Amino acid sequence: QQQVKQSPQSLIVQKGGISIINCAYENTAFDYFPWYQQFPGKGPALLIAIRPDVSEKKEGRFTISFNKSAKQFSLHIMDSQPGDSATYFCAASVGGKLIFGQGTELSVKP
Amino acid sequence: EAGVAQSPRYKIIEKRQSVAFWCNPISGHATLYWYQQILGQGPKLLIQFQNNGVVDDSQLPKDRFSAERLKGVDSTLKIQPAKLEDSAVYLCASSLLGGNQPQHFGDGTRLSIL
């Protein structure tokens, strides 16, 4: 019940395309859903986050869509760029305890 | 502002040896976290401190792992004795007040056990 399931495991997108990563959870007590971006040899960096009372949040090219009834949320990266190539992790939190998904390795081809 | 500092960046030891990692959080951040990230997986919380008190250590293998945060600032994580399955990146993160406030991660220590 504490798991967060993330898909796909890897994703290849052409430059300018839309990257979509999906996550699902079971624990309805989760009240905060951040996305992290991690480059090789670096720690995860917070990208964008949403709370369950909001269905969508957009920051620049990054959008989170949240479906509370389905217990799913997704990250959309518009106009994907080669510099976006990294591993992306969704997470869910209750009281600040983050449970991470398994990660998606995104490769954006020029 | 300076980020979360961790050292060393890399460590190679043999199984059954001991090892220690150090973390200096962002100045003023009351909450400090240690995570273990095994290759190909997401980070897993080991322990959470609020100032110098432990908030959550439910996933810390206490027979071999220990952590402390003296004076509510720097923290050390120790493994003794190390096992092969402890090979991972150990990440430190901090947040201003805990709860659902953003967590800022350091670049981690990559530990290899031979």
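See the structure above.
As a starting point, this report considers the structure included with it. This one's a predicted model, so the numbers in the text were calculated from it and none came from an experiment.

1. Description of the nonpolar core
Residue and element names in this part refer to chain A.
(1) Moving on: Counting residues in each nonpolar core, the largest one holds 25 residues, and the members touching the most others are Phe33, Trp35, Phe73, Leu75 and Tyr88.
(2) Moving on: Elements with a contribution of two residues or more to this core: β2 (10-14), β3 (19-25), β4 (33-38), β5 (45-50), β7 (62-67), β8 (72-77), β9 (86-94) and β11 (104-109).
(3) Moving on: Among the elements that line this core, the one with the most residues is β9, at 4 residues.
(4) Moving on: Once you skip the residues sitting within four places of it in the chain, leucine 75 turns out to touch Ser19, Ile20, Ile21, Trp35, Leu47, Ile48, Phe62, Thr63, Ile64 and Tyr88.

2. Looking at the sheet that holds strand β8 (residues 75-79) of chain B
In sheet architecture, strand pairing relies on hydrogen bonds along the backbone and comes in two forms, parallel and antiparallel.
Residue and element names in this part refer to chain B.
(1) Moving on: The strand order across the open sheet formed by 4 strands is β1-β3-β8-β7, and the pairing between neighbours is antiparallel. Of all the strands in the sheet, the pair left with one neighbour each is β1 (5-7) and β7 (65-68). Adjacent strand axes in the sheet meet at a mean angle of 15 degrees when their direction is disregarded.

3. Considering the sheet that holds β8(A)
All names here are of chain A.
(1) Moving on: With antiparallel pairing, the 5 strands of this open sheet are ordered in space as β1-β3-β8-β7-β6. Unpaired on one side and paired on the other, β1 (4-7) and β6 (56-59) mark the two borders of the sheet. On average, each strand axis in the sheet is inclined to that of its neighbour by 15 degrees, with strand direction left out of account.
(2) Moving on: The sheet contact formed by β7 and β8 spans 6 bridges and is antiparallel.

4. Here we look at the packing of aromatic side chains
(1) Moving on: On inspection of all chains with the given rule, the structure shows 18 aromatic pairs over all chains.
(2) Moving on: Between the aromatic rings of A:Phe66 and A:Phe73, the centroid separation amounts to 6.2 Å while the plane-to-plane angle is 35 degrees, which identifies the pairing as tilted. Of the two residues, A:Phe66 and A:Phe73, neither departs from the other in class, the shared state being buried.
(3) Moving on: Each member of the aromatic cluster is reached from another via a ring pair, and the members are A:Tyr25, A:Phe30, A:Phe33, A:Trp35, A:Phe66 and A:Phe73.
(4) Moving on: The ring of B:Tyr10 carries B:Arg9 above its face, with NZ or CZ at 5.6 Å from the centroid.

5. Let's talk about unusual backbone geometry
(1) Moving on: The omega torsion across B:Ser7 and B:Pro8 is -10 degrees, close enough to zero to call that bond cis.
(2) Moving on: Mapped onto the fold, B:Pro8 is located in the loop between β1 and β2 (10-13).
(3) Moving on: With an omega dihedral of -5 degrees, the bond running from B:Gln80 to B:Pro81 counts as a cis peptide bond.
(4) Moving on: Mapping B:Pro81 onto the fold places it in the loop between β8 and β9 (88-95).
(5) Moving on: Phi angles above zero are rare outside glycine, and A:Lys71 is one such case at about 55 degrees.

6. Regarding the pattern of salt bridges
(1) Moving on: As enumerated under the stated definition, the model contains 7 salt bridges over all chains in all.
(2) Moving on: For A:Lys57, the salt bridge identified is with A:Glu59, shortest N-O distance 3.6 Å.
(3) Moving on: Residue A:Lys57 is classed as partly exposed on the basis of its relative accessible area of 32%.
(4) Moving on: Between B:Asp56 and A:Lys97 there is a salt bridge whose closest N-O contact spans 3.5 Å. Note that B:Asp56 is positioned in strand β6 (residues 53-56) and A:Lys97 in strand β10 (residues 97-100), a pairing that runs across two chains. Neither residue differs from the other here; B:Asp56 and A:Lys97 are each classed as buried.

7. With respect to the state of the cysteines
Residues and elements named next belong to chain A.
(1) Moving on: Evaluated as defined, the whole model comprises 2 disulfides over all chains.
(2) Moving on: Cysteine 23 shares a disulfide with cysteine 90; S-S distance 1.9 Å. Taking the sign of the S-S torsion, -95 degrees for the link of cysteine 23 and cysteine 90, the bridge is left-handed. With cysteine 23 in strand β3 and cysteine 90 in strand β9, this residue pair connects regions lying 67 residues apart in the sequence.

8. Regarding the interface of chain A and chain B
(1) Moving on: Counting residues at the interface gives 19 residues for chain A and 20 residues for chain B.
(2) Moving on: Together, the buried faces of chain A and chain B total about 1,500 Å²; carbon and sulfur atoms form 45% of this surface.
(3) Moving on: Along the contact surface separating chain A from chain B lie 2 salt bridges.
(4) Moving on: Across the pair B:Asp107 and A:Lys42 runs a salt bridge, and its minimum N-O distance is 3.6 Å.
(5) Moving on: For the pair chain A and chain B, the interface holds 9 residue pairs in polar contact (both at pLDDT 80 or more).
(6) Moving on: Mapped by element, the contributors of at least two residues to the side of chain A that touches chain B are β4, β9 and β10 of chain A.
(7) Moving on: It is β10(A) that provides the largest number of residues to the side of chain A that touches chain B, a total of 3 residues.
(8) Moving on: Here the side of chain A that touches chain B is composed, by residue class, of 7 nonpolar, 8 polar and 4 charged.

Calculation rules
- Residues numbered from 1 in each chain as written.
- Chains lettered and ligands numbered in written order.
- Predicted model: local features only at pLDDT ≥ 70, side-chain atom pairs only at ≥ 80, totals over all residues.
- Heavy atoms only, no water.
- Core = buried A, V, L, I, M, F, W, Y, C linked by side-chain atoms within 4.5 Å.
- Buried < 20%, exposed > 50% of the residue type's maximum accessible area, 1.4 Å probe, protein only.
- Helix = DSSP H or I, 4+ residues; strand = E, 2+ residues; numbered from the N terminus.
- Contact = heavy atoms within 4.5 Å.
- Pairing = 2+ DSSP bridges.
- Axes fitted to C-alpha atoms, helices over the stretch in contact; angles between N-to-C directions.
- Phe/Tyr/Trp six-rings, centres within 6.5 Å; stacked < 30°, edge-to-face > 60°.
- Lys NZ or Arg CZ within 6 Å of the ring centre and 35° of its normal.
- Salt bridge = Lys/Arg side-chain N within 4 Å of Asp/Glu carboxyl O.
- Disulfide = S-S within 2.5 Å.
- Buried area = accessible area lost by both parts, 1.4 Å probe.
- Polar contact = N/O pair within 3.5 Å; in protein donor to acceptor, adjacent residues only side chain to side chain.
- Nonpolar A, V, L, I, M, F, W, Y, C, P; charged D, E, K, R; others polar.

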